[in-house]
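Per-entry structural report
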Amino acid sequence: MYDMPDEIQVEADGPLRIITLNRPDALNAVNDDLHAGLARLWPRLSRDRDAQVAVLTGAGKAFSAGGDFAYLAELGSDADLRAKTISDGRDIVLGMTRCRVPVIAAVNGPAVGLGCSLVALSDVAYIAETAYLKDPHVQVGLVAADGGPLTWPLHTSLLLAKEYALTGAKIPAERAREMGLVNHVVADPLNEALACAKRILELPRQAVESTKRLMNVHLERAVLATLDYALAAEEASFQTEEFHAVIAGLTKRG
């Protein structure tokens, strides 16, 4: 559905769309196909007039456990791929921000790097008791242009956002809830997200969509104020000696 790559599955259940990040053997780590698919996904979801609510989750044990090391290494050496990825990153962030359809995240496992951004840009988030958020961009020498820190300051205090963005530390599920980065810690996030989606479907559609939009106007203004700088800084960070050294070490360890 929506002409997505194999890395993204979209299922229709009446007006509900269930979106699954689908690289389970790689813990749904982000490669070019997954990243580019996410850039195309949100405008297509918005244009789907039959869709009224969406649930976003990951296949297998993870929600999305960071960037694929081979993909990251290629981004450091291929200027064309890097430019494409930076453009796709912008489309992911603005696409989710402007998406007409409420998106409910079912965080079934680790949400790392871009996974943090997908959670932060969702409208409601349920997280498994054993799952966690983590944005390690700085740890690998990158700027988190489309990572969690882009929007964390809207959900929690600036000091807390800085602490976790600058250290890349894990944020356990209950801590994420306390900070306001997720709504609920639950045993079965997919089941709870689907139940929430069904409750939204019982409400007047125009009121739901317009209420989401009026709140996301605040989000869009904040994102637009920082996004161009963040993307330019991330593109530059892909070319630093520190990034190349870290990725070489990670790739060597496998």
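Check the entry above for the structure.
Here's a quick rundown of the structure. On a predicted model such as this, the values are computed, not experimentally measured, just so you know.

Bringing the overall build of the protein chain into the picture now. Within the protein chain, the regular secondary structure consists of 10 helices and 10 strands. For 254 residues, the compact-globule estimate of 2.2 N^0.38 gives 18 Å, and the protein chain sits close to it at 17 Å. C-alpha extents for the protein chain along the principal axes are approximately 55 × 40 × 35 Å. A total of 254 residues make up the protein chain; the buried ones form 54% of that total. Expressed as a percentage of contacts within the protein chain between residues at least 6 apart in sequence, the contacts between residues at least 24 apart total 74%. For the protein chain, the accessible area works out to roughly 11300 Å², and carbon and sulfur atoms hold 54% of it. Taken together, the 25 basic and 33 acidic charged side chains of the protein chain have centroids lying 4 Å from each other.

What follows deals with the sheet that holds strand β9 (residues 171–172). Consider a sheet: its strands pair through backbone hydrogen bonds, and that pairing is either parallel or antiparallel. Within the open sheet, the four strands sit side by side as β4-β6-β8-β9. Their pairing is mixed. Two strands lie at the open edges of the sheet, namely β4 (64–65) and β9, each paired on one side alone. In this structure, strand β8 (residues 132–134) lies alongside β9, joined through two bridges in antiparallel fashion. From the neighbouring strand, Y132 faces β9, where its bridge partner is P172.

A separate point is the side chain of T20. Within the fold, T20 resides in strand β2 (residues 16–21). Those residues in contact with T20, other than ones at most four positions away along the chain, are E7, I8, Q9, E11, T57, G58 and A59.

Spanning 16 residues, helix α1 (residues 32–47) covers 24 Å between terminal C-alpha atoms, matching the ideal 22 Å at 1.5 Å per step. The sharpest bend along α1 measures roughly 30 degrees and falls at L41, with the proline P43 sitting one to four residues further on. Every buried residue belonging to α1 is among L34, H35, A36, G37, L38, A39, L41, W42, L45 and S46, and all of these are buried. Sitting at the amino-terminal end of α1 is N31, which places a side-chain oxygen 3.4 Å from the backbone nitrogen of D33.

Counting buried positions over the six residues of strand β3 (residues 53–58) gives six, a clear majority of the element. Burial of β3 is two-sided: the residues V53, V55 and T57 facing one way and the residues A54, L56 and G58 facing the other way are all buried. Pairing geometry for β2 and β3, over six bridges, is parallel. Along β3, the bridge assignment pairs L16 with V53.

The next subject is the side chain of N216. If you trace the backbone, N216 turns up in helix α9 (residues 205–237). The buried category is assigned to N216, whose relative accessible area is 8%. In terms of polar contacts, N216 uses its side chain to reach the backbone carbonyl oxygen of T97, at 2.8 Å.

Let us look at the pattern of salt bridges. Evaluation of the coordinates by the stated rule reveals 12 salt bridges. Between D228 and R90 there is a salt bridge, with the nearest N and O atoms lying 2.3 Å from each other. Note that D228 is positioned in helix α9 and R90 in helix α3 (residues 79–98), a separation of 138 residues in sequence. Among the residues examined, R90 registers a relative accessible area of 28% and is labelled partly exposed.

Applying the stated criterion across every chain, the model contains one aromatic pair. Ring geometry for F238 and F243: centres 5.2 Å apart, planes at 85 degrees, overall edge-to-face. The exposure classification of F238 matches that of F243, with both residues buried. Here the guanidinium or amino end of K170 rests over the ring plane of Y132, the centre of that ring lying 4.5 Å away.

Glancing now at the nonpolar core. Formed by 66 residues in total, the largest nonpolar core has its most connected members in I19, L38, W42, L45, L118, L133 and W152. The next biggest cluster of nonpolar side chains, apart from the first, holds 15 residues, and it includes L16, Y126, V186 and C196.

Calculation notes
- All chains use their own residue numbering, which begins from 1 and follows the written sequence.
- Two thresholds apply to this predicted model, a pLDDT of at least 70 for residue-level local features and 80 or more for giving and counting side-chain atom pairs, whereas whole-chain, interface and lining totals are computed over all residues.
- Working from all heavy atoms in the structure, the side-chain values ignore hydrogens and water.
- A run of H or I in DSSP becomes a helix once it reaches four residues, and a run of E becomes a strand once it reaches two; helices and strands are each numbered from the N terminus.
- For a compact globule the rule gives 2.2 Å times the number of residues to the power 0.38, and the radius of gyration it is set against comes from C-alpha atoms.
- Burial status follows relative accessibility: with a 1.4 Å probe on protein chains alone, a residue under 20% of its type maximum counts as buried, one over 50% as exposed, and anything between as partly exposed.
- Residue contacts are counted whenever heavy atoms from the two residues lie within 4.5 Å of one another.
- The protein chains shown are the only cover counted for residues, whose accessible areas, like all others here, come from Shrake-Rupley with a 1.4 Å probe.
- A residue counts as positive if it is Lys or Arg and as negative if it is Asp or Glu; His and the chain ends are not included.
- Every charge is mapped to an atom, namely NZ of Lys, CZ of Arg, CG of Asp or CD of Glu.
- Pairing between strands requires that DSSP locate at least two bridges from one strand to the other.
- For a helix, the expected span equals 1.5 Å multiplied by the residue count minus one.
- Note that bend, as reported per residue, equals the angle between axes fitted to the 7 residues terminating at that residue and the 7 residues originating from it.
- Whenever two N or O atoms come within 3.5 Å, that pair is a polar contact, provided that in protein one can donate a hydrogen and the other can accept it, and provided that, for residues adjacent in sequence, both atoms are side-chain atoms.
- Here, a salt bridge means any side-chain nitrogen of Lys or Arg that lies within 4 Å of a carboxyl oxygen of Asp or Glu.
- Only the six-membered ring of Trp is used, alongside the rings of Phe and Tyr, when aromatic pairs are assigned; centres must lie within 6.5 Å, and planes under 30 degrees apart are stacked while those over 60 apart are edge-to-face, with the rest tilted.
- In this analysis the charged atom, NZ for Lys or CZ for Arg, is taken to sit over a ring once it is within 6 Å of the ring centre and within 35 degrees of the ring normal.
- As used in this record, nonpolar core signifies buried Ala, Val, Leu, Ile, Met, Phe, Trp, Tyr and Cys residues forming a set joined through side-chain atoms within 4.5 Å.

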